[in-house]
Amino acid sequence: MTTILKSNKLQNVCYEIRGPVPERARQMEEEGQRIIKLNIGNLAPFGFDAPEEVVQDMIRNLPNSAGYVDSKGLFQARKAIMHYTQSKNISDVTVDDIYIGNGASELIVMAMQGLLNDGDEVLVPMPDYPLWTAAVSLAGGTPRHYLCDEANEWYPSLDDIRSKISAKTKAIVIINPNNPTGALYPDSLLKDIIQIAREHSLIIYADEIYDKVLYDGATHTSIASLESKEKDILFVTFNGLSKNYRACGFRAGWMFVSGNKKIAKDYIEGLNILATMRLCANVPAQYAIQTALGGYQSINDLVKPTGRLAKQRDLAYKLLTEIPGVSCVKPRAALYMFPKLDPAIYPIADDQQFILELLQEEKVLLVQGTGFNWQQPDHFRVVFLPNLDDLTDAIARIARFLENYRKR
Ligand code: PLP
């Protein structure tokens, strides 16, 4: 029998966050070793419980959840999302403009499948949350990575964005708050991005899944709320229960279209086809959306200065930047930081190998920077979800590993 090959469509598709290094970590755990995991933004296993009322709502509604529902999602859940868009000053979103999916992930893939023809280009940040690059490639598109500038708070470089636009560019992806850098963008920057999108007729895809995970009293502006009265741009915004409500495993996310919906009728029809093809998203979790969005926002207790997430961010930042040759922009949002290793001190050729050696020697799991489409092997991502003791332990191990690395 001939070898069974994967589809050519997967040729440029990868997702290192769950790649070979975490697979090695899994094997090591099976062998009985304890690994400290700083590699994935999965809150519940670190003791960040989903709000009790959200869980109770799912349990109570489980008996009503056995049937398929509307492909776009339960009306009451979409109504709650609609009210959420209003609270974020995004005008003109109706229940029909909202799609609920099995996490934002499913909808990101759907949004790209519905848009791209072979060779179409999409501007994706660099570093990025790699699903975006993968989703563009899977849909036959070409991801064009624009620089987020470490020297400027990891903000997108407008010059670089402009330089990457071609006749084939269809859209730009904005991840704000950002994974993996923890950056939070100011309104003036968002307005400048809108201006570029307007000049070049680009759709704006806004991934705002961390919009409540904000430190130091910061506030978040949805880019779609800054549209002009002319409504000349289409925005597609993504959010969900995974991060703000610590419910990654419930697989409840949503996207909505806003702005110039008139010119996008055909695309929206495409999205509707794709939504109906997969019948509907996981129903029990949809029952929890209204409760989550409407009730007490317990995430605020975690991000205030004395909250667990804020304290862990502060500690991780302090300890990491004390290591010689490690620098980092302090995250203002989300669950991540993206430190830099000075190449003069750490001449790393292959950062995946570097992260694998760290795992094997010190039992700490990170993700290498190139896993986020960063081009140089001089960054890694830290997820600051483990408690203070484990973070202290993990970063001490990283420091020891780096000290030995310097002596090599
Ligand atoms: N977008 C970003 C920036 C993320 O970091 C993640 C998950 O880590 C997702 C989307 C996917 O979220 P979901 O659990 O809703 O699929």
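Because the structure is a prediction, the values reported are computed rather than measured.

Draft legend 1. Molecular detail of the overall build of the chain. Of the regular secondary structure elements, the chain holds 13 helices and 15 strands. In terms of overall size, the chain behaves like a compact globule, its C-alpha atoms giving a radius of gyration of 21 Å where 408 residues would be expected to give roughly 22 Å. Overall size of the chain, expressed as C-alpha extent along the three principal axes, is 60 × 60 × 50 Å. By the burial criterion, 58% of the 408 residues in the chain qualify as buried. Contacts spanning at least 24 positions in sequence make up 74% of the contacts within the chain whose residues lie at least 6 apart. For the chain, the exposed surface amounts to about 17300 Å²; the carbon and sulfur share of it is 51%. Each charge class in the chain was averaged separately, 44 positive and 49 negative side chains, and the resulting centres sit 2 Å apart.

Draft legend 2. Summary view of the site of the ligand. With respect to spatial proximity, the complete set of residues near the ligand consists of Gly 103, Ala 104, Ser 105, Tyr 129, Ile 175, Asn 179, Asp 207, Ile 209, Tyr 210, Ser 242, Lys 243 and Arg 251. Between Asn 179 and the ligand, the recorded distance is 2.8 Å, taken from a side-chain N or O atom to an oxygen atom. At a separation of 2.6 Å, an oxygen atom of the ligand approaches a polar side-chain atom of Tyr 210. A molecule is said to occupy a pocket when more than half its atoms come within 2 Å of that pocket's grid points, and by this definition the ligand occupies the largest pocket.

Draft legend 3. Up close: the nonpolar core. Among the nonpolar cores identified, the biggest contains 145 residues, and Met 112, Trp 132, Tyr 205, Phe 238 and Leu 309 are the most heavily contacted of them. Taken domain by domain, the makeup of this core includes at least three residues from each of domain 1 (8-49 + 301-407) and domain 2 (52-294). When sequence neighbours within four positions are dropped, the list of residues in contact with Met 112 reads Val 122, Trp 132, Ala 135, Val 136, Ala 139 and Tyr 205.

Draft legend 4. Highlighting helix α9 (residues 283-294). Burial analysis of α9 places 10 of its 12 residues in the buried class, which makes it a mostly covered element. Along α9, the residues that are buried comprise Val 283, Pro 284, Ala 285, Gln 286, Tyr 287, Ala 288, Ile 289, Thr 291, Ala 292 and Leu 293.

Draft legend 5. Molecular detail of the sheet that holds strand β14 (residues 367-368). Pairing is antiparallel across the open sheet formed by 3 strands, whose spatial order is β11-β15-β14. Since the sheet does not close on itself, it has two edges, and those belong to β11 (336-337) and β14, each with one partner. As judged from the 2 bridges shared by β14 and strand β15 (residues 380-383), these two strands associate in the antiparallel manner. The residue bridging Val 367 from the neighbouring strand is Arg 381, located in β15.

Draft legend 6. Highlighting the pattern of salt bridges. Within this structure, the stated rule accounts for 24 salt bridges. With a shortest N-O distance of 2.5 Å, Asp 97 and Lys 261 are connected by a salt bridge. Placement of Asp 97 in the loop between α3 (75-87) and β2 (98-101) and of Lys 261 in the loop between β9 (253-259) and α8 (265-277) is noted, with a sequence separation of 164 residues between them. In this structure Asp 97 comes out as buried when scored by relative accessible area, which is 9%. Measuring nitrogen to oxygen at the nearest pair gives 2.8 Å for the salt bridge that ties Asp 232 to Arg 198. In this pair, Asp 232 is assigned in the loop between β7 (203-207) and β8 (234-240) and Arg 198 in helix α7 (residues 187-199), connecting sequence segments 34 residues apart. For Asp 232, a relative accessible area of 31% puts it in the partly exposed group. By relative accessible area, Arg 198 is classed as partly exposed at 27%.

Draft legend 7. Structural detail: the environment of Ala 224. Examined against the element boundaries, Ala 224 turns out to sit in the loop between β7 and β8. The class of Ala 224 is buried, set by a relative accessible area of 1%. Along the sequence, Ala 224 and Ser 258 sit 34 residues apart, while their C-alpha atoms lie 7.1 Å from each other.

Draft legend 8. Here's a closer look at the pairing of β2. Burial of β2 is two-sided: the residues Ile 98 and Ile 100 facing one way and the residues Tyr 99 and Gly 101 facing the other way are all buried. The sheet contact formed by β2 and β9 spans 4 bridges and is antiparallel. Paired with Ile 98 across the two strands is Phe 256, which belongs to β9.

Draft legend 9. Structural context of unusual backbone geometry. Along the chain, Met 126 connects to Pro 127 via a cis peptide bond; the corresponding omega equals 5°. Note on placement: Pro 127 falls in the loop between β3 (121-126) and α5 (131-138). Omega for the bond connecting Asn 176 with Pro 177 falls within 30 degrees of zero, at -5°, which places this linkage in the cis form. Locating Pro 177 in the fold gives a position in the loop between β6 (169-175) and α7. Located in the positive-phi region is Asp 216, a residue other than glycine, with phi close to 55°.

Draft legend 10. Structural context of the packing of aromatic side chains. Evaluation of the coordinates by the stated rule reveals 14 aromatic pairs. Measuring from centroid to centroid gives 5.5 Å for Tyr 210 and Tyr 336, while their planes differ by 90°, and the two rings are edge-to-face. Within this pair, whereas Tyr 210 is found in the loop between β7 and β8, its partner Tyr 336 is found in strand β11, the two being separated by 126 residues in sequence. Of the two residues, Tyr 210 and Tyr 336, neither departs from the other in class, the shared state being buried.

Rules behind the numbers
Residues numbered from 1 in each chain as written. Predicted model: local features only at pLDDT ≥ 70, side-chain atom pairs only at ≥ 80, totals over all residues. Heavy atoms only, no water. Helix = DSSP H or I, 4+ residues; strand = E, 2+ residues; numbered from the N terminus. Rg over C-alpha atoms; globule rule 2.2 N^0.38 Å. Buried < 20%, exposed > 50% of the residue type's maximum accessible area, 1.4 Å probe, protein only. Contact = heavy atoms within 4.5 Å. Areas by Shrake-Rupley, 256 points an atom, 1.4 Å probe, with all protein chains shown as cover. Lys, Arg positive; Asp, Glu negative; His and termini not counted. Charge placed at Lys NZ, Arg CZ, Asp CG, Glu CD. Near = heavy atom within 4 Å. Polar contact = N/O pair within 3.5 Å; in protein donor to acceptor, adjacent residues only side chain to side chain. 1 Å grid on protein atoms, 1.4 Å probe; cavity = no way out; pocket = protein on both sides within 12 Å on 5 of 7 lines; lining within 4 Å. Sits in = over half its atoms within 2 Å of the grid points. Core = buried A, V, L, I, M, F, W, Y, C linked by side-chain atoms within 4.5 Å. Domains from an automatic or database assignment. Pairing = 2+ DSSP bridges. Salt bridge = Lys/Arg side-chain N within 4 Å of Asp/Glu carboxyl O. Phe/Tyr/Trp six-rings, centres within 6.5 Å; stacked < 30°, edge-to-face > 60°.

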